[in-house]
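Chains, contacts and geometry: an overview
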Amino acid sequence: MTHITTRLCLRDTACVEVCPVECMVLGFPEEEWPWLYIDPDTCIDCGACIPECPYEAIFPEEEVPFDFQGEVWITNTKDLLPDGAPFEGEVDGHYVKLLNAKKLDGSETLDLTEDIPPNYDYFSEGPGYDHMDTMTKYMEVGAKDFKFEG
Ligand code: SF4
């Protein structure tokens, strides 16, 4: 079992700082990997990350909802969220800068279980831990001033 991040993740990194096994990785490049991802082979299911997320984007794998509804911001790749747009501003008191996002009005039902595979894919097919230095820089300068280089 593992914990899972979902499309409700707006790239806040408070969860990264509390993970005792450092298995939460911010996705780079953002166009392909727009959330944080949890390494399922390393996560020890301690649950420390859940209360740190201001957007309630993290769930134990077996509790990821298939019928989620809410007035929330979501982010995803352009392929999976074609009507999204760049967004920069405050959400729930936290500054975010996102390449492709949209706010839901609460009437749409989301199957968040579809977000389970990307957590596995980021480590099996994607960059995995390759961008740890980039993530550290992102956390140092903040979303507002961060520029991805390579
Ligand atoms: Fe890290 Fe614990 Fe969250 Fe797993 S549940 S990602 S080990 S903080």
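Here the structure is shown first, and the text comes after it.
Let me sum up the structure you'll find in this document. None of the values given here were measured: they were computed from a predicted structure.

What the protein chain contains, in helices and strands, is three helices and seven strands. Written out in order from the N terminus, the α and β elements of the protein chain read β-α-β-β-β-β-β-β-α-α. Over its C-alpha atoms the protein chain spans a radius of gyration of 14 Å, differing by no more than 12% from the 15 Å that the globule rule assigns to 150 residues. Summarising its shape, the C-alpha atoms of the protein chain cover approximately 35 × 35 × 30 Å along the three principal directions. Residues classed as buried in the protein chain amount to 32% of the 150 residues present.

One finds C9, C15, M24, L36 and I58 to be the most contacted residues of the largest nonpolar core, which totals 30 residues. Setting aside its immediate chain neighbours within four residues, I58 contacts H3, I4, T5, C15, C49, I50 and C53.

Now for the site of the ligand. Around the ligand, the structure places 14 residues, and the nearest of them are C19, C43, C46, A48 and C49. Split by residue class, the shell around the ligand holds eleven nonpolar, two polar and one charged.

A sheet is described by the order of its strands in space; here three strands give the open sequence β5-β7-β6, paired in antiparallel fashion. The open sheet has two edge strands with one neighbour each: β5 (73–75) and β6 (85–91). Sheet twist, expressed as the mean angle between neighbouring strand axes with direction ignored, is 50°. Where β6 and strand β7 (residues 94–103) come together, six bridges link them in antiparallel fashion. Residue G89 lies in a different strand from β7, and its bridge partner there is V96.

Further remarks concern the environment of F87. For F87, the position within the fold is in strand β6. Owing to 17 C-beta atoms within 10 Å, F87 belongs among the partly exposed residues under this scheme. When the C-alpha atoms of F87 and M132 are compared, they prove to be 24 Å apart, with 45 residues separating the residues in sequence. In this structure F87 touches L98 and A101, once residues within four positions along its chain are discounted.

This part is about helix α2 (residues 116–124). Owing to its 3.6 residues per turn, the α-helix brings residues three or four apart onto one side. Along α2, the residues classified as buried are P118, N119 and Y122. Looking straight down α2, one finds its buried side chains confined to an arc of 105°; they lie on one side. The outward face of α2, more than 90 degrees from its buried face, is lined by the exposed residues P117, D121 and S124. Elements that come into contact with the buried residues of α2 comprise β1 (3–5), β2 (24–26) and β3 (36–38).

Below, the discussion takes up unusual backbone geometry. Here F28 and P29 are connected by a cis peptide whose omega angle stands at -10°. Among the structural elements, P29 can be located in the loop between β2 and β3. For E22, which is not glycine, the phi dihedral falls at a positive 50°. Despite not being glycine, E56 shows a phi value in the positive range, around 50°. Structurally, E56 can be placed in the loop between β3 and β4 (58–60). You can call E56 partly exposed: it has 15 C-beta atoms within 10 Å.

Conventions we followed
- Residues numbered from 1 in each chain as written.
- Predicted model: local features only at pLDDT ≥ 70, side-chain atom pairs only at ≥ 80, totals over all residues.
- Helix = DSSP H or I, 4+ residues; strand = E, 2+ residues; numbered from the N terminus.
- Rg over C-alpha atoms; globule rule 2.2 N^0.38 Å.
- Buried ≥ 20, exposed ≤ 12 C-beta atoms within 10 Å, placed from the backbone.
- Core = buried A, V, L, I, M, F, W, Y, C linked by C-beta atoms within 7 Å.
- Contact = placed C-beta atoms within 7 Å.
- Near = placed C-beta within 6 Å.
- Nonpolar A, V, L, I, M, F, W, Y, C, P; charged D, E, K, R; others polar.
- Pairing = 2+ DSSP bridges.
- Axes fitted to C-alpha atoms, helices over the stretch in contact; angles between N-to-C directions.
- Arc of directions from axis to C-beta.

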